[in-house]
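Chain residues, written in single-letter form:
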Amino acid sequence: MAEGEKIRVLVVDDISETRENIRKLLQFETDIEVVGAARSGKEAIQLVSETRPDVVLMDINMPDMDGITATEIIRKQTPYVQVVILSVQGDQNYMRRAMLAGAREFLTKPPMPDELTSTIRKAGQLAQDEKAKGAQVFASQTSIASLPLSMVGSRRGKVIMVYSPKGGAGCTTVAVNLALVLHNVETEAAIVDANLQFGDVAVFLNEQGKNSILDLTPRAEELDQDIVNEVMIKNSATGLHILSAPPKPEFAEKVKAEQVSKLLEFLKSMYAYIVVDTSSYVNDVTLAVLDVCDVIVLLTTQDIPSIKNIRLFLDLMLTLDFPQDKVVFSINKFDKRIGITPEKIGENLKLQISAVIPLDERVVIPSVNRGVPFVIDNKAQPAAKGILSLAEAVRSKLIEPQGRLRETPGRR
Ligand SMILES: Nc1ncnc2c1ncn2[C@@H]1O[C@H](COP(=O)(O)OP(=O)(O)OP(=O)(O)O)[C@@H](O)[C@H]1O
Ligand SMILES: [Mg+2]
């Protein structure tokens, strides 16, 4: 381990007293730093991507997702992270499952202080070694100079394009709700309406400011944060910033693809996530968004025309040499009564389905009409859960190493 570098530890346990006790046990260890604490498996996954720990101390029985499942996901997403299971269960079966999931060590609760610190030190060393190995592989394949701007400096935001080659699949619904799930005080998100003729993002959020993307694109060469701040609509209900579509369809053609690219690049310096809603019609602007984006949330519904269009779009991506590993493929308006199942769709297109958002007219349609996105007050409903799993898939895609290595700006 590099001298002076502390071992970063994330504590995961649903009982606050246990989290506090572990924190106290570790507070005087000068080479160990507790960088966060999570109350559940799902929260642990999120905090791993945000705090980048070396070692995770993981409980087993927790609400929403147990520690073994969380371990498996964390190890897949960030293989250098070492997981130490802390549990009251001395059961061999648990231990075996934990090890199979990729856990490094298994300690029974409450741990002996010496045992805990020595286990953390060993695991921390291993994590640092793994990280260094990964960095070497990375460095041998690419140089900093060839990296896209989005990877140089951790403050660069990520652009997430929401697209469907079939109109009405639910892009705006998904884009707005996804942006809200990704948005928080630490990772501010903005939503950009690139459906330039009939964009309705602002309406979905019950806003009707007079500013639009047209106030920024002509200044694409000379943007600064003050100008952008002035133009963005700040949704008071959620804090989300909105860049809306031009006020009239005939203004759409004033927006040039090159300006959209520059604008999105600039927004990366201001927001952690920039979610872009697009129209199904492929034109220069759509391709510019595709070029800049880090992830494409590609949406389909369970019908043959939609699936046919997805296939045509994937072919187009191939022809234009856009990397397909940016795709997070999702089904919206899923209805289990329809025979075209997600499995069949995935098999047919040879594309893994990352999230399924159910059809829920009772929740979704009134939420659109009221201008109150359903993830705000309906988090436990199936549609909101679908969006949460989509957000998880997007986050995982963003930290996937292969995608980063193959990413090259300005492909066309
Ligand atoms: N999961 C869902 N369950 C029920 N209704 C939905 C769902 N998702 C979207 N809808 C409804 O489908 C309609 C179309 O949705 P939306 O406007 O988001 O689609 P779009 O892809 O943005 O369409 P366009 O091509 O016009 O931009 C809306 O009435 C919306 O309420
Ligand atoms: Mg739309």
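Residues numbered from 1 in each chain as written. Chains lettered and ligands numbered in written order. Predicted model: local features only at pLDDT ≥ 70, side-chain atom pairs only at ≥ 80, totals over all residues. Heavy atoms only, no water.

1. Topic: the packing of helix 6 (residues 171–182) against helix 15 (residues 382–399)
Working step 1: Relative to each other, helix 6 and helix 15 sit at 70°, their axes nearing to 9 Å. As the angle between them shows, helix 6 and helix 15 are arranged roughly perpendicular. Crossing of helix 6 against helix 15: the hand is right-handed. Together, Val174, Asn177, Leu178, Val181 and Leu182 of helix 6 and Ile387, Leu388, Leu390, Ala391, Val394 and Arg395 of helix 15 make up the contact between the two elements.
Working step 2: Looking at the contact of helix 6 with helix 15 residue by residue, the classes come out as 9 nonpolar, 1 polar and 1 charged. (Axes fitted to C-alpha atoms, helices over the stretch in contact; angles between N-to-C directions. Helix = DSSP H or I, 4+ residues; strand = E, 2+ residues; numbered from the N terminus. Parallel < 35°, antiparallel > 145°, perpendicular 65-115°, else oblique. Left-handed = near helix turned anticlockwise from the far one by under 90°. Contact = heavy atoms within 4.5 Å. Nonpolar A, V, L, I, M, F, W, Y, C, P; charged D, E, K, R; others polar.)

2. Describing empty space enclosed by the protein
Working step 1: The full count for this structure, using the stated rule, is 2 cavities of 30 Å³ or more.
Working step 2: Space inside the second largest cavity adds up to approximately 40 Å³.
Working step 3: As for the second largest cavity, its lining consists of Thr173, Val176, Asn177, Phe204, Ser367, Val368 and Pro373.
Working step 4: Taken together, the elements giving at least two residues each to the lining of the second largest cavity come down to helix 6 and helix 13 (361–370).
Working step 5: Among the elements that line the lining of the second largest cavity, the one with the most residues is helix 6, at 3 residues.
Working step 6: In terms of residue class, the lining of the second largest cavity is built from 4 nonpolar, 3 polar and no charged. (1 Å grid on protein atoms, 1.4 Å probe; cavity = no way out; pocket = protein on both sides within 12 Å on 5 of 7 lines; lining within 4 Å. Points joined across faces, edges and corners; volume = space filled by probe spheres on them.)

3. With respect to the site of ligand 1
Working step 1: Surveying the vicinity of ligand 1 reveals 18 residues, the closest of which are Gly168, Gly170, Cys171, Thr172 and Thr173.
Working step 2: Ala169 has a polar backbone atom sitting 3.2 Å from an oxygen atom of ligand 1.
Working step 3: Protein coverage of the free-state accessible area of ligand 1, which is 640 Å², stands at 79%.
Working step 4: At the level of elements, helix 6, strand 12 (327–334) and helix 13 are the ones that each hand at least two residues to the shell around ligand 1.
Working step 5: Sort the elements by how many residues they give to the shell around ligand 1 and helix 13 lands first, with 4 residues.
Working step 6: Among the residues forming the shell around ligand 1, the class breakdown is 8 nonpolar, 7 polar and 3 charged. (Near = heavy atom within 4 Å. Polar contact = N/O pair within 3.5 Å; in protein donor to acceptor, adjacent residues only side chain to side chain. Areas by Shrake-Rupley, 256 points an atom, 1.4 Å probe, with all protein chains shown as cover.)

4. Some remarks on the layout of surface pockets
Any empty space left between the atoms is revealed when a probe the size of a water molecule rolls over them.
Working step 1: Its volume calculated, the second largest pocket comes out at about 1,300 Å³.
Working step 2: If you go around the second largest pocket, you meet 45 residues; those closest to its centre are Leu388, Ser389, Ala391, Glu392 and Ala393.
Working step 3: Elements supplying a minimum of two residues to the lining of the second largest pocket: helix 2 (41–51), helix 3 (67–77), helix 6, strand 12, strand 13 (353–358), helix 14 (374–377), helix 15 and helix 16 (401–406).
Working step 4: Among the elements that line the lining of the second largest pocket, the one with the most residues is helix 15, at 9 residues.
Working step 5: When the residues that make up the lining of the second largest pocket are grouped by side-chain class, the tally is 20 nonpolar, 12 polar and 13 charged.
Working step 6: Residue assignment places the lining of the second largest pocket across two domains, with domain 1 (7–141) and domain 2 (149–406) each supplying three or more. (Domains from an automatic or database assignment.)

5. Things to note about the pairing of strand 2 (residues 32–38)
Working step 1: Most of strand 2 sits inside the fold, with 5 of its 7 residues counted as buried.
Working step 2: In the sheet, strand 1 (residues 7–12) pairs with strand 2 via 6 bridges, with the strands oriented parallel. Pairing of Leu10 across the sheet is with Gly36, part of strand 2. (Buried < 20%, exposed > 50% of the residue type's maximum accessible area, 1.4 Å probe, protein only. Pairing = 2+ DSSP bridges.)

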